[in-house]
Amino acid sequence: MSKIFVDACLGKETEYTPVWMMRQAGRYLPEYMAVRADAGDFLSLCHAPQKAASVTIQPLDIVGVDAAILFTDILVIPDEMGMDLSFVKGEGPKFSDPLTSQADLDRLIGGKEASDKLTYVYDTIKLLRKELDERGDEIALIGFAGAPWTLATYMIEGQGTKTYNLCKKMMYSNPELLHNILREVTEVVKLYMERQIEAGIDVVQIFDSWAAAIEPSKYDEFSWKYMVEICDYLKSKYPNIPIIMFPKGVTPFIERGGVYGNFDVFGVDWGTSMAMAKDKLGDKYVLQGNMEPCRLYDQKATTECVEALHDIMGGKRHIFNLGHGILPDVPVENAKHFVSECQRVSGKK
Ligand code: CP3
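Residues numbered from 1 in each chain as written. Predicted model: local features only at pLDDT ≥ 70, side-chain atom pairs only at ≥ 80, totals over all residues. Heavy atoms only, no water.

## Remarks on the pairing of strand 4 (residues 140-146)
In terms of burial, strand 4 is largely enclosed, as 7 of its 7 residues are buried. Neither face of strand 4 is left uncovered, since the one carrying A140, I142, F144 and G146 and the one carrying L141, G143 and A145 both have all their residues buried. Relative to strand 4, strand 1 (residues 67-69) runs parallel, the two sharing 3 bridges. Along strand 4, the bridge assignment pairs I69 with I142. Where strand 4 and strand 5 (residues 203-208) come together, 5 bridges link them in parallel fashion. Looking at the pairing, F144 lines up with Q205 of strand 5. (Buried < 20%, exposed > 50% of the residue type's maximum accessible area, 1.4 Å probe, protein only. Helix = DSSP H or I, 4+ residues; strand = E, 2+ residues; numbered from the N terminus. Pairing = 2+ DSSP bridges.)

Right, dumping it as structure tokens:
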């Protein structure tokens with residue numbers, strides 16, 4: 001049985017346009033908060049396959065999305081490379097000992113060894129594969145990783161940042177070290193995604209959430225080419241597994257024709273015009289997106305955007321999504337409204 005979401009990613013005509021939401025498993029759902037409380041904290045939840053699988057399934061049952069995204073975090077990779085991840089309440093992720101030198105990088109655990117340590121992720125996938133197959137429905141499971149650049153920003157800054165000054169200082173004054181970090185992370189991501197595929201995911205998404213921090217003329221050199229390298233590796237082994245690339249905030253890179261690579265779906269962020277993206281990329285890639293997530297605060301604003309997106313894309317070579325993640329204070333009713341409006345305009349029965 002072929003899954004509609006997988007077919008849509010591969011550019012095949014489908015009965016309706018599938019919809020899912022980035023960060024759909026999370027804090028806006030009271031049911032998520034209950035499982036997280038039960039697990040103790042967010043990282044413990046990521047390490048508990050039964051619980052992680054159960055919160056992956058929640059948005060399918062509660063908001064009715066057409067695909068599930070594995071519950072874990074992009075930062076488990078640097079954590080297992082030896083960087084000691086913690087989440088400080090109200091402050092987000094922290095690494096106690098950020099990378100400042102080649103010696104710091106040399107101390108980290110590399111490729112195969114690091115990917116071998118992520119067994120809890122593969123165990124979560126195996127549980128989900130079994131559960132989704134038992135449901136006998138057509139729900140695809142999306143696995144994911146962070147782009148090497150986005151992961152490197154946390155590894156170098158030690159936390160989230162508004163200025164990226166430490167990464168950028170390295171980019172301009174010691175590019176060789178930054179490339180060494182990016183190469184090392186790229187190797188882990190390749191093997192990690194391969195293991196996710198072997199465990200049972202149907203689709204890969206690569207999140208380059210902090211792409212916009214790089215000036216457009218440097219974006220290929222410091223991020224995109226590493227993402228494309230990951231695609232080449234995965235496509236050479238698993239040509240039928242679709243890959244979604246989501247670089248957030250790269251309008252100038254798209255406009256100037258910078259996008260290339262062996263992948264299937266381009267995730268359009270909310271700051272980029274869907275019509276422009278269609279014009280530049282629509283023949284080569286299926287487009288995913290791109291409602292501004294804050295429209296979810298208002299049902300009328302949501303309907304307006306869903307209809308406009310449907311008018312632009314015409315139900316072809318498109319996957320409905322937000323243009324970045326759903327925020328924790330969005331009413332669940334409004335998330336359901338978004339999903340059902342996408343399904344209404346695209347004729348899902
Ligand atoms: O539903 C899903 O999309 C699957 C789960 C998922 C999480 N993180 C769970 C999570 C996914 C796909 C991610 C990806 C992720 N993590 C990204 C890329 C996507 C994006 O939004 O740009 C990034 C940059 C991270 C790093 C990260 N993880 C940050 C900055 C934070 C704290 C900020 C925040 O959103 O609160 C996290 C924590 C995190 N990851 C939470 C969840 C549900 C919240 C933790 C909690 O429950 O307290």
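There is more to say after this.
## A look at the pattern of salt bridges
Counted according to the given criterion, the structure contains 21 salt bridges. For the salt bridge of K112 with D116, the shortest nitrogen-to-oxygen distance reads 2.7 Å. A residue pair is termed a helical-turn pair when its members lie 3 or 4 positions apart in one helix, as K112 and D116 do in helix 7 (residues 111-116) at 4 residues. Residue classification places K112 among the exposed residues on the basis of a relative accessible area of 54%. The exposure class assigned to D116 is partly exposed, which follows from its relative accessible area of 31%. Its salt-bridge partner being K235, residue D264 comes within 2.7 Å of it at the nearest N-O pair. In this pair, D264 is assigned in the loop between helix 13 (251-255) and strand 7 (265-267) and K235 in helix 12 (residues 216-237), connecting sequence segments 29 residues apart. The same class applies to D264 and to K235, which are both buried. (Salt bridge = Lys/Arg side-chain N within 4 Å of Asp/Glu carboxyl O.)

## A word on the site of the ligand
Lining the immediate surroundings of the ligand are 22 residues, of which R27, Y32, R36, S209 and H324 lie closest. D73 places a side-chain nitrogen or oxygen 2.7 Å from a nitrogen atom of the ligand. At 2.5 Å from an oxygen atom of the ligand is found a side-chain nitrogen or oxygen belonging to S209. Protein contacts shield 88% of the accessible area of the ligand, which totals 870 Å² for the unbound molecule. (Near = heavy atom within 4 Å. Polar contact = N/O pair within 3.5 Å; in protein donor to acceptor, adjacent residues only side chain to side chain. Areas by Shrake-Rupley, 256 points an atom, 1.4 Å probe, with all protein chains shown as cover.)

## What to know about the packing of helix 4 (residues 49-62) against helix 8 (residues 119-135)
At a closest axis distance of 8 Å, the pairing of helix 4 and helix 8 adopts a crossing angle of 45 degrees. Taken together, helix 4 and helix 8 sit at an angle that is classed as oblique. Handedness of the crossing formed by helix 4 with helix 8: right-handed. Counting all contacts with helix 4, which are made through P49, Q50, A52, A53, T56, I57, L60 and D61, the residues of helix 8 involved are Y120, D123, T124, L127, L128, E131, L132 and R135. (Axes fitted to C-alpha atoms, helices over the stretch in contact; angles between N-to-C directions. Parallel < 35°, antiparallel > 145°, perpendicular 65-115°, else oblique. Left-handed = near helix turned anticlockwise from the far one by under 90°. Contact = heavy atoms within 4.5 Å.)

## Quick notes on the packing of helix 9 (residues 148-157) against helix 10 (residues 165-173)
Remark: helix 9 packs on helix 10, axes separated minimally by 8 Å, with the N-to-C direction vectors making an angle of 105 degrees. Classed by the angle they form, the pair helix 9 and helix 10 counts as roughly perpendicular. Along the contact surface, helix 9 presents W149, T153, I156 and E157, while helix 10 presents N165, L166, C167, M170 and M171.

## Examining the nonpolar core
Counting residues in each nonpolar core, the largest one holds 133 residues, and the members touching the most others are F5, W224, F266 and F338. At 11 residues, the largest contribution of residues to this core is made by helix 11 (residues 175-199). Not counting chain neighbours up to four residues away, the residues in contact with W224 comprise Y219, M245, P247, F253, G258, V259, Y260, F263 and F266. (Core = buried A, V, L, I, M, F, W, Y, C linked by side-chain atoms within 4.5 Å.)

## Thoughts on the side chain of E80
Tracing the sequence through the fold places E80 in helix 5 (residues 76-83). Here the side chain of E80 touches Y120 through a polar contact of 2.6 Å, side chain to side chain. Among residues more than four places away in sequence, those in contact with E80 are H47, I109, A114, K117, L118 and Y120.

## Considering the packing of aromatic side chains
Applying the stated rule across the entire model yields 12 aromatic pairs. Clustering of aromatic rings is evident, with ring pairs tying together Y219, W224, F253, F263, F266 and Y285. (Phe/Tyr/Trp six-rings, centres within 6.5 Å; stacked < 30°, edge-to-face > 60°.)

## Here's the deal with the environment of R23
Looking at the secondary structure, you find R23 in the loop between helix 1 (4-9) and helix 2 (30-39). R23 gets classed as exposed once you look at its relative accessible area, which sits at 52%. Note: C-alpha distance between R23 and G258 (235 residues apart in sequence) is 27 Å. Those residues within four positions of R23 in sequence are excluded, and the remaining contacts are Y28, G325 and I326.

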